[in-house]
Amino acid sequence: MIKIIDNYRNLPIGKYLEILELSQDENVDALKQQVKTISILTGLTEDVVLSLPIAQYKELAGKTKFLENGYDGKLQVAKSYGLGGMELIPVKDFAKITTAQYVDFQSLSKEGDKCLVETLSTLLIPKGKKYMDGYEIEDVRQAIRENLSVADVLSLSAFFLTKFVKSIKDFQTYSIREIQKIPNREMRQRLMKQMQEAMEIHSKTNGDG
């Protein structure tokens, strides 16, 4: 019996991103997309998929239907993730991250799905290590791509986004408080205006959700 991934809990994010890219390719017709999707979810080559008895093919195609709906399970962040022989610890306190880590997370997260794995690699750190110190970042990214499920990615993304937005708001609150202490009225007003403009740009870039 051919095994096929039929739910988001067992679907690695790397395979999901392949399927997502495939679905956006206007040069691939619906049937070809279905064959390629089955190939990704089973690990079989496309030629093998095409050589299957039609009844078996239809059965496998039916198990890909979960991709037509979003994940509706529980979103929960684990204390650690055992991925490809690595134990990765999610950063839960943004106050403790390094400046380089924060900058990398912010710049990569703006790229959306294209850099999703890379974004996660800034906040999933090997146990006992510090960001980019004592390990190869590409090893972490490969472990995430090949082993972290879509369900876990959604949980982590929601958690990290909430933390990121809060950290931005905390920084803005601190900055405004410090600007208000400036004796020079003209400089104070100019800096306050710049801060408000930056807040508006951030709001438009990230949306209200």
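That block above? That's the structure.
Thresholds, definitions, all that
- Residues numbered from 1 in each chain as written.
- Predicted model: local features only at pLDDT ≥ 70, side-chain atom pairs only at ≥ 80, totals over all residues.
- Heavy atoms only, no water.
- Helix = DSSP H or I, 4+ residues; strand = E, 2+ residues; numbered from the N terminus.
- Buried < 20%, exposed > 50% of the residue type's maximum accessible area, 1.4 Å probe, protein only.
- Contact = heavy atoms within 4.5 Å.
- Areas by Shrake-Rupley, 256 points an atom, 1.4 Å probe, with all protein chains shown as cover.
- Phe/Tyr/Trp six-rings, centres within 6.5 Å; stacked < 30°, edge-to-face > 60°.
- Axes fitted to C-alpha atoms, helices over the stretch in contact; angles between N-to-C directions.
- Parallel < 35°, antiparallel > 145°, perpendicular 65-115°, else oblique.
- Nonpolar A, V, L, I, M, F, W, Y, C, P; charged D, E, K, R; others polar.
- Pairing = 2+ DSSP bridges.
- Polar contact = N/O pair within 3.5 Å; in protein donor to acceptor, adjacent residues only side chain to side chain.
- Arc of directions from axis to C-beta.
- Salt bridge = Lys/Arg side-chain N within 4 Å of Asp/Glu carboxyl O.

(A) Representation of the overall build of the protein chain. Along the backbone of the protein chain there are nine helices and three strands. Counting from the amino terminus, helix and strand elements in the protein chain follow one another as α-α-α-α-β-β-α-α-β-α-α-α. Burial statistics for the protein chain: of 209 residues in total, 35% are counted as buried. Across the protein chain, every contact between residues at least 6 apart in sequence was considered, and the portion connecting residues at least 24 apart equals 63%. When the accessible surface of the protein chain is totalled, it reaches about 13300 Å², and 51% of it is carbon and sulfur.

(B) Structural view of the packing of aromatic side chains. Within the structure shown, the criterion is met by four aromatic pairs. With 6.3 Å between their ring centres and 85 degrees between their planes, Tyr8 and Tyr71 make a pair best called edge-to-face. You can see Tyr8 sitting in the segment before helix H1 (13–23) and its partner Tyr71 sitting in the loop between helix H4 (54–62) and strand S1 (81–83), a full 63 residues away along the chain. Assessed through its relative accessible area of 8%, Tyr8 is described here as buried. Put simply, the rings of Tyr8, Tyr16, Phe66 and Tyr71 touch in pairs and so form one group of aromatic residues.

(C) The arrangement of the packing of H1 against helix H2 (residues 30–42) in detail. Direction vectors running N to C along H1 and H2 enclose 175 degrees, while the axes themselves pass 10 Å from each other. When the axes of H1 and H2 are compared, the pair comes out roughly antiparallel. Only Gln33, Lys36, Thr37, Ile40 and Leu41 of H2 make contact with H1, whose side of the interface consists of Lys15, Glu18, Ile19, Leu22 and Ser23. Its residues assigned to classes, the contact of H1 with H2 comprises four nonpolar, three polar and three charged.

(D) Expanded view of the sheet that holds S1. Strands sit in the order S1-S2-S3 across an open sheet of three strands; the sheet is antiparallel. The sheet is open, and its two edges are formed by S1 and strand S3 (124–126), each paired on a single side. This sheet shows a mean twist of 40 degrees between the axes of neighbouring strands, independent of strand direction. Two strands pair when backbone bridges link them, and S1 and strand S2 (residues 86–90) are joined in this way by three bridges, in the antiparallel orientation. If you follow Tyr81 over to S2, its bridge partner there is Leu88. Along the sheet, helix H7 (residues 137–147) contacts S1, S2 and S3; its crossing angle with S2, the most-contacted strand, is approximately 90 degrees.

(E) Main features of the packing of H2 against H4. H4 packs onto H2 with a crossing angle of 80 degrees between their chain directions and a minimal axis gap of 10 Å. The angle between H2 and H4 falls in the class roughly perpendicular. Taking contact as the criterion, the partners of Leu31, Gln34, Val35 and Ile38 in H2 are, on H4, Tyr57, Leu60 and Ala61. Looking at side-chain class alone, the contact of H2 with H4 contains six nonpolar, one polar and no charged residues.

(F) Main features of the side chain of Thr37. Looking at the secondary structure, you find Thr37 in helix H2. Polar contacts involving the side chain of Thr37 include one to the main-chain carbonyl oxygen of Gln33, which spans 2.7 Å. Once you skip the residues sitting within four places of it in the chain, Thr37 turns out to touch Ile19, Leu22, Thr64 and Leu67.

(G) Expanded view of the side chain of Arg141. Relative to the assigned elements, Arg141 resides in helix H7. A polar atom in the side chain of Arg141 sits 3.2 Å from the side chain of Glu138. Beyond its immediate stretch of four places on either side in the chain, Arg141 contacts Leu108, Val117, Glu118 and Ser121.

(H) Structural detail: H7. By the burial criterion, the buried members of H7 are Ile137, Val140, Arg141, Ala143 and Ile144. Down the axis of H7, the buried set is contained in an arc of 160 degrees. They therefore lie on one face. For H7, the elements touching its buried residues are H1, S1, S2, helix H5 (99–109), helix H6 (116–121) and S3.

(I) Structural detail: the pattern of salt bridges. As enumerated under the stated definition, the model contains nine salt bridges in all. Between Arg145 and Glu118 there is a salt bridge whose closest N-O contact spans 3.8 Å. Of this pair, Arg145 sits in helix H7 while Glu118 sits in helix H6, placing them 27 residues apart in sequence. In this structure Glu118 comes out as buried when scored by relative accessible area, which is 19%. Sharing partners across several salt bridges, the network here consists of Lys32, Lys36 and Glu46.

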